[in-house]
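Coordinates in review
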Amino acid sequence: MPTPASLSRRAFGSLLAAASVALSAVSAVAGPEVYTGTLSNIAADGFDVVAFHREGRPVPGNARFTHRWKDATWRFASADARDAFAADPDRYAPAYGGHCSWAASQGYRASGDPRHWRIVDGRLFFNYDARVHRTWLADVPGFVAAADRNWPRILR
């Protein structure tokens, strides 16, 4: 027969498990708009998001050229790039705050990796990894349309 102490441990374990599930569900939906990694406030892994548009490639940003936007710090390779972003961040920032575009199309958030990127119709998109990026490339218009529909709900 269980003792009161063992019932308490079991009850505590059940509560802990339920809390863990609840927190996982919340974190899958809620969170910061801009992806910065777990212990960072640096957007786009420190890459200069203006460079994707201007140079067509990932360029590391420099800690000397930063701009704070949407609770994240954005780094740039030059003062000119920083100033361009500050003047029109919506033009240069990655879609879905730099979260994975394919994940957003599926209705959830996942980290976006600037090494797996594409500019489509003037918008910068990041994906989780090379495999997910290849999947996303198979139907860019469909995945973008789905992610655009899902993103407002994902942000809540």
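Worth saying up front: this structure is predicted, and the values here are computed from it rather than measured. (Residues numbered from 1 in each chain as written. Predicted model: local features only at pLDDT ≥ 70, side-chain atom pairs only at ≥ 80, totals over all residues. Heavy atoms only, no water.)

1. Looking at the environment of histidine 133
Put simply, the rule is: Numbering of helices and strands runs from the N terminus, with a helix taken as a DSSP run of H or I at least four residues long and a strand as a DSSP run of E at least two residues long. Residue contacts follow a heavy-atom distance rule, with two residues in contact if any of their heavy atoms lie within 4.5 Å. Under the rule applied, a polar contact is a pair of N or O atoms within 3.5 Å (in protein, one hydrogen donor and one hydrogen acceptor; residues adjacent in sequence only if both atoms are side-chain atoms).
By the secondary structure assignment, histidine 133 is in helix H6 (residues 130–137). Apart from residues lying up to four places away in sequence, histidine 133 is in contact with His116, Trp117, Arg118 and Asn127. Side chain to side chain, histidine 133 and asparagine 127 meet in a polar contact 3.2 Å long.

2. As for the packing of H6 against helix H7 (residues 140–155)
For clarity, the cut-off: To obtain an axis, a line is fitted to C-alpha atoms, over the contacting stretch when the element is a helix, and the angle between two such axes runs from 0 to 180 degrees between their N-to-C directions. The labels follow the angle: roughly parallel below 35 degrees, roughly antiparallel above 145, roughly perpendicular from 65 to 115, and oblique for the rest. Residues are grouped as follows: Ala, Val, Leu, Ile, Met, Phe, Trp, Tyr, Cys and Pro are nonpolar; Asp, Glu, Lys and Arg are charged; every other residue, Gly included, is polar.
At a closest axis distance of 7 Å, the pairing of H6 and H7 adopts a crossing angle of 100°. Here H7 runs roughly perpendicular to H6, going by the angle between their axes. Residues Thr135, Trp136 and Leu137 of H6 pack against Val140, Phe143 and Val144 of H7. Looking at the contact of H6 with H7 residue by residue, the class counts come to five nonpolar, one polar and no charged.

3. Here's the deal with the pattern of salt bridges
Counted only if it meets this: Here a salt bridge means any side-chain nitrogen of Lys or Arg lying within 4 Å of a carboxyl oxygen belonging to Asp or Glu. Burial status follows relative accessibility: with a 1.4 Å probe on protein chains alone, a residue under 20% of its type maximum counts as buried, one over 50% as exposed, and anything between as partly exposed.
Evaluated as defined, the whole model comprises six salt bridges. Salt-bridge contacts for glutamate 55 lead to arginine 57; the nearest nitrogen and oxygen are separated by 2.9 Å. The exposure class assigned to glutamate 55 is partly exposed, which follows from its relative accessible area of 45%. For arginine 82, the salt bridge identified is with aspartate 83, shortest N-O distance 3.0 Å. In this structure arginine 82 comes out as partly exposed when scored by relative accessible area, which is 23%.

4. Considerations on the environment of asparagine 62
Looking at the element boundaries, asparagine 62 is found in strand S1 (residues 62–69). Expressed as a C-alpha distance, the spacing of asparagine 62 and alanine 77, which sit 15 residues apart in the sequence, is 5.2 Å. Sequence-distant contacts of asparagine 62, defined by excluding residues within four places in its chain, comprise Arg75, Phe76 and Ala77. One polar contact links the side chain of asparagine 62 to the main-chain amide nitrogen of arginine 64, over a distance of 2.7 Å.

5. Considerations on the pairing of strand S3 (residues 113–120)
The cut-off we apply is this: Strand pairing follows a simple DSSP-based rule, namely that at least 2 bridges must link the two strands.
Note that S3 and strand S4 (residues 123–127) share five bridges and pair antiparallel. Across the sheet, the residue bridging to valine 120 is arginine 123, located in S4. The hairpin formed by S3 and S4 contains two residues between the paired strands, and aspartate 121 there has a positive phi angle of roughly 50°.

6. Digging into the packing of aromatic side chains
What counts here: Geometry of aromatic contacts follows a simple scheme: Phe, Tyr and Trp rings, the Trp one being its six-membered ring, pair when their centres are within 6.5 Å, and the pair is stacked under 30 degrees between planes, edge-to-face over 60, tilted otherwise.
Scanning the model with the defined rule gives nine aromatic pairs in all. Plain terms: the ring middles of phenylalanine 52 and tryptophan 117 are 5.0 Å apart, the flat faces sit at 65° to each other, and that makes the pair edge-to-face. Here tryptophan 117 lies in strand S3 and phenylalanine 52 lies in helix H2 (residues 49–55), a separation of 65 residues in the sequence. As far as burial versus exposure is concerned, phenylalanine 52 and tryptophan 117 are alike and both buried.

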